[in-house]
Protein chains: 4
Amino acid sequence: MNPIKRLTKEIIKFRDRREWKKFHNPKDVALSLVLEAGEVMEHFQWKSEDEMRKYVKTHKQEISEELADVLYWILLLSHDLNIDIEKSLDRKIRINNEKYPVSKSKGVATKYDKL
Amino acid sequence: MNPIKRLTKEIIKFRDRREWKKFHNPKDVALSLVLEAGEVMEHFQWKSEDEMRKYVKTHKQEISEELADVLYWILLLSHDLNIDIEKSLDRKIRINNEKYPVSKSKGVATKYDKL
Amino acid sequence: MNPIKRLTKEIIKFRDRREWKKFHNPKDVALSLVLEAGEVMEHFQWKSEDEMRKYVKTHKQEISEELADVLYWILLLSHDLNIDIEKSLDRKIRINNEKYPVSKSKGVATKYDKL
Amino acid sequence: MNPIKRLTKEIIKFRDRREWKKFHNPKDVALSLVLEAGEVMEHFQWKSEDEMRKYVKTHKQEISEELADVLYWILLLSHDLNIDIEKSLDRKIRINNEKYPVSKSKGVATKYDKL
């Protein structure tokens, strides 16, 4: 089974058995998205590139848990807003392909509106 | 094909054709995660529950684009750190099931450490 | 003595006695700013307006500590970048006064570029 | 006049003339705090230490505006929650002095609970 659909189903089942839907308005859910993304980011704070390289090897488990938390809220919010997130990301990649033509953006970290 | 694997492949292909890997250290990528999550959140700011309900109907496209941006960075970072995000989220859901037993958490928004 | 100057002095004295300046590049300091702002925000998550009203009365101490953390990093970063934050905010208020003329923005939550 | 008090007064006067208090519940205000902190952070993304050093010289004006925005929301929220932010930060510095004794924390980026 498509893992995005399967994971979404399990998340919603988990929530509904606890009757938590009433708390899940989009604003508060989006707060979770930001706060969990912050927890991913916190792992890399105060570290040089070298220190990060070592750190990610010894803390893969912790980082993967935080990343999973972000994905959790993406799937939940997509479900609640009736958004097909796979289709949305496909569309986004297509848009980015147009915004950032290889010929202009190769090796350059320039935002598309300044290309 | 498994859509998580397929989307990851396309994201990495998109990046590598532009030779952007050199910019993608985990810290800066995690910043993108936070900033894009912030853009999702911004859609709901200053709105009551009623206003949100109307808003999400007329702005589904915009919100889905921001959500796709967050997923984009999750898949890219998971790839770079060699994390199997599907497995991580499965594990997380299992952990949450233990942390929040239905009997104790039904209808209550209490953090597990205060249950 | 001007409290902004005095607090900044104490923050820098605190840091320099611990020889922490070497960690304080603007990027990592800005991460702290975001993460501490997130901790302020977390206090209000999953709460209705009514619940917030009660909550802020009984948790003033905790919230004020988080707000102080954000101010801490603003003053430290302003110092390191040689920014006069009092002057900057004065300037910002002047700009906002022009962007949002009372006649057009009274009672309306519209962003200036849509006024 | 004490600049924290003076700036707070001007911010509240600015708001009240536009009758915006009704929008300013603590949750949405805290969202602004996070989003504006994110705009500070964005200035430093994708940049090495060297690139940051050059960047902050040529973009001081832009960065100071974003920092002022964060301070704006701190002062507004402190006012609305009846928090004396100067006193709170004084208290915080005192607490940090105890949490991080110079002898143990000199030159080390270790969180107090791991000292």
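Up top is the structure these notes are about.
Residues numbered from 1 in each chain as written. Chains lettered and ligands numbered in written order. Predicted model: local features only at pLDDT ≥ 70, side-chain atom pairs only at ≥ 80, totals over all residues. Heavy atoms only, no water.

(A) Quick peek at helix α4 (residues 60-80) of chain B. A rise of 1.5 Å per residue sets the reference length of α4(B), with its 21 residues, at 30 Å; its end C-alpha atoms lie 30 Å apart and thus fit the reference within 8%. With respect to burial, α4(B) is a largely interior element, 15 of its 21 residues being buried. (Helix = DSSP H or I, 4+ residues; strand = E, 2+ residues; numbered from the N terminus. Expected span 1.5 Å × (residues − 1). Buried < 20%, exposed > 50% of the residue type's maximum accessible area, 1.4 Å probe, protein only.)

(B) Structural view of the relation of the copies chain B and chain A. Screw-axis analysis of chain B against chain A gives a translation of 0.0 Å along the axis, an RMSD of 0.0 Å, and a rotation angle of 180°. Overall, the copies show the geometry of a two-fold rotation axis. The residues that chain B uses at the interface reappear at the interface of chain A in 100% of cases, marking a shared surface. (Least-squares fit on C-alpha atoms with pLDDT ≥ 70 in both. Contact = heavy atoms within 4.5 Å.)

(C) The arrangement of the side chain of Asp69(B) in detail. With respect to the element layout, Asp69(B) can be found in helix α4. Excluding its chain neighbours within four sequence positions, the residues that come into contact with Asp69(B) are Lys92(A) and Glu36(B).

(D) Representation of the relation of the copies chain B and chain D. Screw-axis analysis of chain B against chain D gives a translation of 0.0 Å along the axis, an RMSD of 0.0 Å, and a rotation angle of 180°. The share of interface residues of chain B whose copies in chain D are also at the interface is 100%, consistent with both copies meeting through the same surface.

(E) Highlighting the packing of helix α2 (residues 26-42) of chain A against helix α2 (residues 26-42) of chain B. In contact at an axis separation of 8 Å, α2(A) and α2(B) are set at 170° when each is read in the N-to-C sense. Relative to α2(B), α2(A) is oriented roughly antiparallel. Contacts between α2(A) and α2(B) involve Ala30(A), Leu31(A), Leu33(A), Val34(A), Ala37(A), Gly38(A), Val40(A) and Met41(A) on the former and, on the latter, Ala30(B), Leu31(B), Leu33(B), Val34(B), Ala37(B), Gly38(B), Val40(B) and Met41(B). A breakdown of the residues in the contact of α2(A) with α2(B) according to their chemical character gives 14 nonpolar, two polar and no charged. (Axes fitted to C-alpha atoms, helices over the stretch in contact; angles between N-to-C directions. Parallel < 35°, antiparallel > 145°, perpendicular 65-115°, else oblique. Nonpolar A, V, L, I, M, F, W, Y, C, P; charged D, E, K, R; others polar.)

(F) Local environment of the interface of chain B and chain A. At the junction of the two partners, chain B supplies 69 residues and chain A supplies 69 residues. Between chain B and chain A, roughly 6,200 Å² of surface is buried when both sides are summed, and carbon and sulfur atoms account for 70% of that area. On the chain B side of the interface with chain A, the three residues burying the most area are Arg18(B), Leu67(B) and Leu89(B), jointly 10% of the side's total. The interface formed by chain B and chain A contains twelve salt bridges. Two residues, Asp90(B) and Arg6(A), come together in a salt bridge whose shortest N-O distance is 2.7 Å. Between the two partners, chain B and chain A, sit 26 residue pairs in polar contact (both at pLDDT 80 or more). Where the side of chain B that touches chain A is concerned, the elements lending two or more residues are α1 (3-17), α2, α3 (49-58), α4, α5 (85-99) and α6 (102-105) of chain B. Considering each element in turn, the side of chain B that touches chain A owes the most residues, 15 residues, to α4(B). (Buried area = accessible area lost by both parts, 1.4 Å probe. Salt bridge = Lys/Arg side-chain N within 4 Å of Asp/Glu carboxyl O. Polar contact = N/O pair within 3.5 Å; in protein donor to acceptor, adjacent residues only side chain to side chain.)

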